[in-house]
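Structural features, examined
Listed below, chain by chain, are the residues.
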Amino acid sequence: MKKFLDYLYGLIWVFVASLSGWLLFLVVFNLLIKAGLASTETMDYELTRAITEKVAYAWMGTTILAFVSLFVKKPISIYLRLLPVIIPSLLSVVLVMSV
């Protein structure tokens, strides 16, 4: 029963980390635009759609890695579970700054 509860706790953690990572991406992306680091003239509809699409693929990939972390030994699994929180925001900063 304890093993089942550990997996259930891990699934809940992956779900919460995944959703909070996507929310953090949205906040960071809008803050970059509001702070003037990304001008609204260069951020047209197609560019914002392309950035969001790339970040969505990265977010889905890191969510899968976080799910796989449930079956990995402890030392590296904690880092894999944090990927959905960190990677989408970092990728959005890199993509916006590269424009």
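Residues numbered from 1 in each chain as written. Predicted model: local features only at pLDDT ≥ 70, side-chain atom pairs only at ≥ 80, totals over all residues. Heavy atoms only, no water.

Turning our eyes to something else, we now look at the overall build of the chain. Counting secondary structure elements, the chain contains three helices and zero strands. Helices and strands in the chain line up, N terminus first, as α-α-α. A compact globule built from 99 residues should have a C-alpha radius of gyration of about 13 Å, whereas the chain, at 16 Å, is more than 25% larger. On the principal axes, the C-alpha backbone points of the chain span a range of 55 × 20 × 15 Å. Relative to its 99 residues, the chain shows a buried fraction of 29%. Pairs at least 24 residues apart make up 76% of the contacts formed inside the chain by residues separated by at least 6 positions. Approximately 6600 Å² of the chain is accessible, and the part contributed by carbon and sulfur atoms is 76%. One finds the centroid of the 8 positive side-chain charges in the chain at a distance of 20 Å from the centroid of its 5 negative side-chain charges. (Helix = DSSP H or I, 4+ residues; strand = E, 2+ residues; numbered from the N terminus. Rg over C-alpha atoms; globule rule 2.2 N^0.38 Å. Buried < 20%, exposed > 50% of the residue type's maximum accessible area, 1.4 Å probe, protein only. Contact = heavy atoms within 4.5 Å. Areas by Shrake-Rupley, 256 points an atom, 1.4 Å probe, with all protein chains shown as cover. Lys, Arg positive; Asp, Glu negative; His and termini not counted. Charge placed at Lys NZ, Arg CZ, Asp CG, Glu CD.)

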